[in-house]
There are 2 protein chains.
Amino acid sequence: MSDTKFIYFFGDGKAEGDASMKQVLGGKGANLAEMTNLGIPVPPGFTIATEVCDIFYKNNRKYPATFDAELRDTLNKLEKLMGKKLGDPKDPLLVSVRSGAAVSMPGMMDTILNLGLNDAAVEGLASITDNPRFAWDAYRRFIQMFSNVALGMDINVFEDILEEMREAKGVENDNELSADALKELVTLYKKAFRKNQNADFPQDPYAQLQAAIDAVFGSWNNPKAIKYRDINGIKNLLGTAVNVQSMVFGNFGDDSGTGVCFSRDPSTGENYFYGEYLMNAQGEDVVAGIRTPLKLSALAEQDETIYKQLVDIKERLENHYRDMQDMEFTIQQGNLFILQTRNGKRTGASAVKVAVDMAKEGLITKEEAMFRVDAAQLDQLFHPMIDPKVKQTLKPLAKGLNASPGAATGKIVFTADDAEMWVERGDTKVMLVRKETSPDDIGGMNVAQGILTSTGGMTSHAAVVARGMGRPCVAGCKDVVISGKTMKVDGKVFNEGDWITIDGSTGEVFAGQVETIAPEMSTELVDFLGWADEIRLSAERAGLSQKGFLVRTNADQPEDAKLARELGAEGIGLCRTEHMFFDEGKLEYFQQMIVAGTLEDRKKSLGKILDLQKADFKGIFKAMSGLPVTVRLLDPPLHEFVPQTEEDIKKIAKMAGITAEALTDKIASLHEHNPMLGHRGCRLGVTYPEIYDMQVEAIMTAAVEVEAEGDEVHPEIMIPLIGTWQELKILRENAEAVIADIFAKTGKKVDYKIGTMIEIPRAALTADEVAEHADFFSFGTNDLTQMTFGFSRDDAGAFLPAYIQQGILETDPTASLDQTGVGKLVAMAAQLGRGVKTDLKLGICGEHGGDPASIDFCYRTNLNYVSCSPFRVPIARHAAAQAVLNNK
Amino acid sequence: MSDTKFIYFFGDGKAEGDASMKQVLGGKGANLAEMTNLGIPVPPGFTIATEVCDIFYKNNRKYPATFDAELRDTLNKLEKLMGKKLGDPKDPLLVSVRSGAAVSMPGMMDTILNLGLNDAAVEGLASITDNPRFAWDAYRRFIQMFSNVALGMDINVFEDILEEMREAKGVENDNELSADALKELVTLYKKAFRKNQNADFPQDPYAQLQAAIDAVFGSWNNPKAIKYRDINGIKNLLGTAVNVQSMVFGNFGDDSGTGVCFSRDPSTGENYFYGEYLMNAQGEDVVAGIRTPLKLSALAEQDETIYKQLVDIKERLENHYRDMQDMEFTIQQGNLFILQTRNGKRTGASAVKVAVDMAKEGLITKEEAMFRVDAAQLDQLFHPMIDPKVKQTLKPLAKGLNASPGAATGKIVFTADDAEMWVERGDTKVMLVRKETSPDDIGGMNVAQGILTSTGGMTSHAAVVARGMGRPCVAGCKDVVISGKTMKVDGKVFNEGDWITIDGSTGEVFAGQVETIAPEMSTELVDFLGWADEIRLSAERAGLSQKGFLVRTNADQPEDAKLARELGAEGIGLCRTEHMFFDEGKLEYFQQMIVAGTLEDRKKSLGKILDLQKADFKGIFKAMSGLPVTVRLLDPPLHEFVPQTEEDIKKIAKMAGITAEALTDKIASLHEHNPMLGHRGCRLGVTYPEIYDMQVEAIMTAAVEVEAEGDEVHPEIMIPLIGTWQELKILRENAEAVIADIFAKTGKKVDYKIGTMIEIPRAALTADEVAEHADFFSFGTNDLTQMTFGFSRDDAGAFLPAYIQQGILETDPTASLDQTGVGKLVAMAAQLGRGVKTDLKLGICGEHGGDPASIDFCYRTNLNYVSCSPFRVPIARHAAAQAVLNNK
């Protein structure tokens with residue numbers, strides 16, 4: 001016998017595996033074993049370990065030496081338990097062969113049902129079930145599935161024969177075909193098989209099983225599976241397991257059926273038993289969305305016993321797994337079988353509600369609740385919705401199923417490929433409209449704003465995948481008639497490129513582009529984020545006098561600041577001032593400043609901007625009353641501000657009293673080869689001190705005035721792009737002189753800090769020197785990442801995709817902080833800075849401040865706060881709590 | 001009395017200071033004290049310490065409280081020793097007041113002579129010397145100098161009066177004016193003074209002294225002094241000292257005189273007593289270059305006693321200081337006085353010869369000899385000269401003094417300001433042509449290719465400064481007649497912008513632009529560099545199996561490689577391959593490659609370049625037979641290679657079989673926002689592996705063929721712009737596959753290495769990971785500096801000058817490695833890399849590889865070698881030896 005165990009048996013109330021063995025058995029196999037051990041009625045079978053898949057690929061698609069003997073032994077054990085044999089001409093054992101990796105990849109890999117049938121066994125099945133129609137239907141389905149999945153034959157070969165048969169027999173649905181017709185179909189299928197494969201359909205059931213196992217392992221690396229893993233960032237798996245399980249049939253007649261159910265509502269999280277089923281159907285019929293299934297509540301009326309049994313199992317499973325379960329069941333002639341259970345995929349709203357409810361029910365702790373929701377799910381809750389007021393005035397075009405919440409608007413495309421192509425060429429807002437989606441459409445679904453399908457239910461492919469992606473989706477919208485590249489609804493024709501809007505929370509579809517707004521927060525969400533705050537705010541910070549891990553926002557406008565504060569921001573981590581120069585009425589003066597030949601003239605132009613900037617700052621300080629506000633002084637190079645059009649050049653030249661040629665020359669002289677590495681940030685502060693002086697004056701005068709008006713202000717002046725302590729020293733002294741002046745003039749003082757952005761590698765490397773002159777550091781990880789990697793985000797599009805595809809980079813380092821390289825600089829700067837000033841305030845204001853993995857890093861690196869865009873604030877609050885718990 | 005001593009007396013054979021106190025007394029003061037202690041005849045006096053200058057500036061131009069009392073006491077002591085009193089109407093003491101910092105700044109600061117004269121004292125001087133002409137001349141000189149230097153009056157006020165007087169008296173030279181005329185001149189001077197200053201010329205000698213001291217301290221921060229310190233990188237000085245010394249006079253008559261002498265020839269280093277003097281003249285007359293002085297050999301005939309005395313003193317001083325001395329002497333009525341001695345400034349040739357001779361004479365050790373020559377001096381020896389063969393065919397326009405060696409060619413400018421302006425606007429090759437230069441001209445001299453003056457001697461300002469700067473200079477070229485912005489020589493008129501060429505080694509001037517070539521090496525230079533090699537090659541390297549510190553070169557062409565090898569290069573540290581694509585016959589194919597839509601087409605175009613590149617590499621390998629050659633694979637972004645003109649676009653489009661529009665679109669698509677941070681280096685290797693494959697094939701096929709032809713090759717393939725180990729792993733594997741193929745095909749193997757440039761901060765930060773896949777690191781400190789600082793050299797011109805001026809940066813970090821920041825990354829990478837591979841080969845190939853301070857850093861950081869441009873190789877060999885000695 002083998003040294004290594006490759007196959008794990010389950011059945012008769014006990015199993016060789018359990019739920020903890022997902023890496024070995026895959027999710028499905030581990031749960032089948034666990035359920036068997038729990039005494040849940042699961043059809044017996046066995047699971048081939050994921051390691052075999054790994055060996056299969058590493059060993060040129062060959063199996064371990066001992067594998068065949070182990071397979072035969074285990075099959076034998078199954079046959080004994082079932083009292084049937086594979087291919088037995090009298091009473092054949094039929095099995096399903098299914099894939100199942102450690103991470104769920106719905107519909108990504110292949111399944112074969114009814115395996116074990118052949119020309120002799122089908123007769124036995126017919127006779128023992130006394131149901132020839134069922135037996136021949138099972139055989140014809142098996143031939144079709146096996147030929148397609150195991151041997152790669154085009155499925156249309158069979159679909160065409162089936163359609164001809166339906167026509168010949170004058171029926172509309174397959175289930176109206178008689179046993180004889182099905183038998184005839186089998187003959188035609190086998191003939192087609194022989195023509196296509198130059199061989200007879202395989203009659204040896206063990207050979208069928210081997211081929212099916214080959215096919216499942218082979219499907220692990222098919223393009224759609226690879227793409228799915230890519231998109232979902234699934235890595236480091238050995239491969240898929242293979243589950244071989246005795247068949248049960250939901251299509252034995254009207255006392256049989258099959259269904260999918262969730263222990264709570266996967267859309268809303270409401271705690272009621274949610275599901276869909278079809279009587280006299282096989283499992284794939286429900287998921288495929290071909291027939292529209294019934295709600296589970298109907299089952300209670302139809303068969304109370306079965307329903308109660310199912311409710312009982314649901315409760316046992318939910319309590320056992322301590323999470324919402326997604327189950328598949330089959331009723332075979334009045335007997336209930338559970339074919340699968342797993343933690344249910346859910347929308348963000350559902351995830352939050354389930355987590356909060358379960359914590360309140362005492363099923364899980366508040367800390368555990370934090371890990372029951374991920375950032376992408378939380379993010380959904382802050383996705384735009386259609387303004388209810390606007391919506392009142394709109395008449396929906398059509399209504400489908402509310403398959404994935406959130407509103408989306410986009411230009412219609414009719415294929416997933418088109419969606420990808422349009423987005424690639426810059427037409428980023430597309431709406432994917434399909435009859436139904438299939439795993440081949442994953443790429444297009446991922447880039448689309450939303451998905452609209454004309455067929456399929458709440459558990460159809462489109463619905464499940466869209467919810468997972470957080471894409472709004474309206475499914476099964478029957479009023480939509482798609483033909484080629486047009487869509488007809490209610491008599492109106494829509495072409496490719498026309499705008500439509502969907503509301504995935506209600507299922508409504510609207511013509512045209514409709515504006516969307518931010519959603520309200522549910523009470524569960526408020527509770528959830530409140531718990532997150534409790535956790536992160538009570539965290540003891542090693543070596544810091546501050547308790548807790550704070551979340552600020554990046555906001556440049558009073559409205560954004562207000563919104564962020566409502567979303568929980570505890571201050572502003574980055575207020576960029578450059579937009580203030582772009583405002584109407586300021587830009588012209590700033591352009592004059594740039595053009596001016598003398599310091600006097602520059603000061604005159606800046607003087608005109610002063611009061612306008614002061615007003616901006618007052619608005620922000622008021623919105624953030626009592627909280628710190630970090631204001632970054634001017635950062636971009638001057639050439640970003642110069643007039644571009646001939647007309648503007650003439651206008652500004654006239655205002656500045658110079659010729660258009662002189663201005664054109666001046667603009668040309670500002671051109672830079674590498675603007676990112678040019679004359680910007682504090683370099684402008686050094687060469688044009690009057691600009692920073694004006695900004696500091698505007699900030700601090702605003703601060704003084706706002707405090708006089710009764711609000712509390714804590715301005716933090718941030719000097720960007722520092723590379724040397726000398727720059728900071730000079731600019732700090734300049735700023736302090738201006739501030740001293742204001743305090744002297746007004747006779748008032750306000751609390752303030754002066755610090756710097758750490759975004760130049762050299763500043764991080766010499767952070768001990770820089771810290772001597774800084775009250776705080778804010779890590780500008782956007783630029784720091786680009787300079788540490790030596791690439792610019794604007795240009796990296798030419799190679800970053802290849803880098804991620806080839807595994808050079810795991811993720812885009814501009815989205816999630818590169819902890820190895822850039823993180824080393826951040827940690828070094830934090831340590832060097834704190835070495836000089838124990839309580840130096842540290843924060844991050846790059847876009848990484850809203851990324852959970854980066855937030856975890858920031859917590860470990862002992863930063864005081866993270867700062868992110870207003871809509872990311874709740875995600876950051878949650879991720880901060882997770883970080884605290886992860887690092888306890 | 002004071003706690004702190006501010007004033008140091010010297011006289012009567014003993015002094016309060018000595019030569020070791022340069023920081024306190026300045027160079028001049030320390031040497032006056034030392035000479036006094038040695039019994040050399042030095043006119044007595046005292047030195048006011050540099051600390052007073054520091055206090056003066058820190059304390060709002062006020063002196064320390066105890067200073068005045070100490071000054072009066074010390075003056076009193078001097079008066080007692082001399083038996084004369086300042087301003088005494090019978091026998092007045094006259095003093096000179098001179099500046100003197102710790103570092104020599106010739107002519108940068110102000111001097112006042114004959115101080116102590118007033119209306120009464122001048123009569124006493126006239127009577128006691130029995131020389132009214134001398135007395136009145138001394139007084140009128142004093143009035144002029146004092147008014148100009150201490151009170152800032154325009155010197156032309158006095159020069160005009162003097163000229164009128166000469167005209168009125170019908171004489172040509174000042175020394176033809178009678179005592180009465182001079183007395184009359186004094187009256188006129190005083191009248192002009194009263195008119196200008198609204199006050200009488202100060203008669204209180206102590207007030208005169210105070211004002212003179214003020215003036216010397218004030219001169220420390222005048223613009224020309226600041227600029228001199230800037231240009232010469234003189235920093236961290238407290239200030240200047242002030243030397244107050246009793247006057248001796250070389251203008252007492254024909255038994256008096258004054259001169260400047262060097263213990264060896266400052267131009268050639270030859271060991272003979274070199275100098276110039278003028279009888280009946282004041283010291284400044286020799287230096288100013290107004291009268292052409294006599295050679296010192298003439299003095300031996302004129303006054304053998306004095307000459308012998310001078311020779312004796314010279315020998316004592318040279319033996320005492322163990323270096324070539326630059327001395328000033330005055331003969332007053334047959335008595336010899338030494339006014340100053342210091343280590344003589346010298347040309348590079350002189351520095352090398354003096355150092356080698358002194359070491360051979362046993363005066364200094366070989367190790368000390370290494371520090372007697374600096375990099376700038378050595379560099380001069382490798383400056384271009386006029387090809388002797390071309391020179392035979394040329395007729396010099398004129399001949400002046402060979403004031404500073406080396407040949408230069410440039411466009412004529414007539415003012416220092418013009419020189420700076422022309423260079424700033426991009427006209428970098430200018431020749432500064434002046435009657436004589438003054439300290440105001442420093443800026444223009446520094447940017448000029450060379451300097452030509454029509455007056456002045458070998459010790460004139462132009463000559464001294466040019467030698468210090470290493471600029472070729474022809475001085476005192478009397479045939480050149482300058483008027484306004486034209487120059488007439490031998491009847492020919494030259495205008496601004498016309499080309500001329502000078503040979504500073506011979507004093508010749510040529511019309512037009514003449515080609516220059518590299519010079520031969522003197523035997524002393526060969527000895528000197530041989531000693532340097534002994535020192536650096538025998539250095540034990542901590543933890544390394546390699547002995548010695550090597551010097552390689554950056555060379556892309558066989559000719560450069562040959563030259564560098566002759567200059568001592570021990571291999572190639574950087575062979576860039578991009579120029580090879582630009583060559584005629586290759587560029588078109590490379591452009592086709594860029595344009596090609598398919599891998600097949602790209603490979604076809606690259607195939608056409610393969611043999612051509614192979615031939616390039618063969619030439620280089622042969623030139624470097626037996627030595628390692630590091631070849632960097634393609635680095636610049638593709639858009640640097642695309643056709644630019646409409647004509648070229650049409651041509652390439654036709655060759656590639658596409659339309660000109662398609663090509664134009666392709667070119668536009670290659671545009672980058674920040675090309676430095678774009679799609680270049682190994683990123684091209686990842687996305688277009690076929691380019692690197694072709695290059696590796698060309699390198700290794702060349703290597704195999706060259707070894708087959710009998711030469712030994714050690715190719716080191718360098719992959720640029722690595723930021724992650726993953727890139728290096730993939731590209732190394734690609735390269736190894738190509739190499740394995742070549743070895744298999746040819747049945748031959750050659751030694752090779754594969755490594756990377758460390759030029760991306762992230763690579764340095766993760767050097768332990770990168771080292772796993774690298775046989776060597778070469779620090780590309782050009783890019784590493786730019787990325788670590790976050791600025792691009794191309795754009796930094798807008799702020800770097802301000803940064804250096806404001807002291808934010810001490811030096812341009814692109815010229816001399818920033819050891820604090822960038823150096824930290826280099827040291828970190830070295831340590832991390834060697835932590836993984838003890839004997840990982842480390843080198844530097846940025847331009848810093850030729851900078852002595854950076855070379856010292858590289859040695860301390862335990863690099864195996866530095867690499868620099870061919871002409872810098874000898875400088876690097878020398879600096880490497882200094883580094884070994886510095887860090888013993």
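Residues numbered from 1 in each chain as written. Chains lettered and ligands numbered in written order. Predicted model: local features only at pLDDT ≥ 70, side-chain atom pairs only at ≥ 80, totals over all residues. Heavy atoms only, no water.

### Overview of the overall build of chain A
Helices and strands together make up the secondary structure of chain A, namely 36 helices and 34 strands. Taken over the C-alpha atoms alone, chain A extends approximately 105 × 60 × 55 Å along its principal axes. Relative to its 888 residues, chain A shows a buried fraction of 58%. In chain A, 69% of the contacts between residues at least 6 apart in sequence involve partners at least 24 apart. Side chains of chain A give 95 positive and 127 negative charges; the mean places of these two sets differ by 1 Å. (Helix = DSSP H or I, 4+ residues; strand = E, 2+ residues; numbered from the N terminus. Buried < 20%, exposed > 50% of the residue type's maximum accessible area, 1.4 Å probe, protein only. Contact = heavy atoms within 4.5 Å. Lys, Arg positive; Asp, Glu negative; His and termini not counted. Charge placed at Lys NZ, Arg CZ, Asp CG, Glu CD.)

### Focus: the confidence of the model for chain A
This prediction gives chain A a mean pLDDT of 91; 98% of its residues lie at or above 70. Taken over the whole predicted complex, pTM reads 0.81, whereas the ipTM for its chain interfaces reads 0.81. (pLDDT = per-residue confidence, 0-100.)

### Examining the relation of the copies chain B and chain A
In this structure, two copies of a chain are linked by a rotation about an axis accompanied by a shift along it. Taken as rigid bodies, chain B and chain A are interconverted by a rotation of 179 degrees and an axial shift of 0.1 Å, the fit giving an RMSD of 0.3 Å. Seen this way, the second copy is the image of the first under a two-fold rotation axis. Among all C-alpha atoms of chain B, that of Asn674(B) lies closest to the rotation axis, at 1.9 Å. The share of interface residues of chain B whose copies in chain A are also at the interface is 100%, consistent with both copies meeting through the same surface. (Least-squares fit on C-alpha atoms with pLDDT ≥ 70 in both.)

### Some words on the interface of chain B and chain A
Chain B puts 45 residues into the contact, and the matching count from chain A is 45 residues. Summing both partners gives a buried area of about 4000 Å² for chain B against chain A, and 60% of it is carried by carbon and sulfur. Our enumeration of links across chain B and chain A arrives at two salt bridges. In this structure, Asp818(B) engages Arg762(A) in a salt bridge whose closest nitrogen and oxygen atoms are separated by 2.6 Å. The interface formed by chain B and chain A contains 20 residue pairs in polar contact (both at pLDDT 80 or more). (Buried area = accessible area lost by both parts, 1.4 Å probe. Salt bridge = Lys/Arg side-chain N within 4 Å of Asp/Glu carboxyl O. Polar contact = N/O pair within 3.5 Å; in protein donor to acceptor, adjacent residues only side chain to side chain.)

### Quick look at the sheet that holds strand S20 (residues 473-475) of chain B
Here we have eight strands laid out as an open sheet, ordered S15-S25-S24-S17-S18-S19-S20-S16 (chain B), and mixed in their pairing. Two strands bound the open sheet, and with one partner strand each, they are strand S15 (398-399) and strand S16 (401-404) of chain B. (Pairing = 2+ DSSP bridges.)

### Some thoughts on the pattern of salt bridges
Where charged atoms from two side chains of opposite charge come close, those side chains can pair. Residue and element names in this part refer to chain A. Tallied over the entire structure, the rule returns 109 salt bridges over all chains. Arg140 is the salt-bridge partner of Asp174, the closest N and O atoms lying 3.8 Å from each other. Linking Asp174 in the loop between helix H6 (155-169) and helix H7 (179-197) with Arg140 in helix H5 (residues 132-149), this pair joins segments that are 34 residues apart in sequence. By relative accessible area, which is 26% here, Asp174 ends up partly exposed. By relative accessible area, which is 5% here, Arg140 ends up buried.

### Thoughts on the packing of helix H24 (residues 599-623) of chain A against helix H28 (residues 689-708) of chain A
All names here are of chain A. Interaxial distance between H24 and H28 falls to 7 Å at its minimum, and their mutual angle equals 35 degrees. For the pair H24 and H28, the sense of crossing is right-handed. In this structure, H24 uses Leu599, Arg602, Lys603, Leu606, Ile609, Leu610, Gln613, Lys614, Phe617, Lys618, Phe621 and Lys622 to contact H28, whose residues at the interface are Glu690, Ile691, Met694, Gln695, Glu697, Ala698, Ile699, Thr701, Ala702, Ala703, Glu705 and Val706. (Axes fitted to C-alpha atoms, helices over the stretch in contact; angles between N-to-C directions. Left-handed = near helix turned anticlockwise from the far one by under 90°.)

### A look at the sheet that holds strand S1 (residues 7-11) of chain A
Residue and element names in this part refer to chain A. As summarised here, the arrangement of the six strands in space is S2-S1-S3-S8-S6-S7, forming an open sheet in which the pairing is antiparallel. Two strands lie at the open edges of the sheet, namely strand S2 (14-15) and strand S7 (111-115), each paired on one side alone. With four bridges joining them, strand S3 (residues 45-48) and strand S8 (residues 240-246) adopt antiparallel strand pairing. Within the sheet, the bridge partner assigned to Gly45 lies in S8 and is Gln245. Contacts between helix H8 (residues 205-219) and the sheet are confined to S3, strand S6 (95-101), S7 and S8, with S8 contributing the most and set at about 145 degrees to the helix.

### A few points about empty space enclosed by the protein
Considering all chains together, one arrives at four cavities of 30 Å³ or more under this definition. Here the largest cavity defines a volume of roughly 130 Å³. As for the largest cavity, its lining consists of 14 residues, and the residues nearest its centre are Arg98(A), Met247(A), Val248(A), Thr330(A) and Leu339(A). Contributions of two or more residues to the lining of the largest cavity are made by S6, S8 and helix H10 (283-288) of chain A. Across the lining of the largest cavity, the residue classes tally to four nonpolar, eight polar and two charged. By volume, the second largest cavity is sized at about 60 Å³. Forming the boundary of the second largest cavity are Phe789(A), Phe791(A), Phe799(A), Tyr803(A), Leu809(A), Arg683(B), Leu721(B), Gly723(B), Thr724(B) and Glu727(B). Per-class residue counts for the lining of the second largest cavity are six nonpolar, two polar and two charged. (1 Å grid on protein atoms, 1.4 Å probe; cavity = no way out; pocket = protein on both sides within 12 Å on 5 of 7 lines; lining within 4 Å. Points joined across faces, edges and corners; volume = space filled by probe spheres on them. Nonpolar A, V, L, I, M, F, W, Y, C, P; charged D, E, K, R; others polar.)

### Description of the packing of aromatic side chains
Residues and elements named next belong to chain A. Summed over the entire model, instances satisfying the criterion amount to 56 aromatic pairs over all chains. Between the aromatic rings of Phe134 and Phe252, the centroid separation amounts to 4.1 Å while the plane-to-plane angle is 35 degrees, which identifies the pairing as tilted. Here the residue Phe134 occupies a position in helix H5, and Phe252 occupies one in the loop between S8 and strand S9 (257-262), the gap between them amounting to 118 residues. With relative accessibility at 3%, the residue Phe134 sits in the buried group. On the basis of an interplanar angle of 80 degrees and a centroid distance of 6.0 Å, the ring pair of Phe581 and Phe641 is categorised as edge-to-face. Of this pair, Phe581 sits in helix H22 (residues 578-582) while Phe641 sits in the loop between strand S29 (628-632) and helix H25 (646-656), and the two are 60 residues apart along the sequence. No difference in accessibility class separates Phe581 from Phe641, as the two residues are buried. Chaining the aromatic ring pairs together yields one cluster made of Trp136, Tyr139, Phe142, Phe146, Phe193 and Phe201. (Phe/Tyr/Trp six-rings, centres within 6.5 Å; stacked < 30°, edge-to-face > 60°.)

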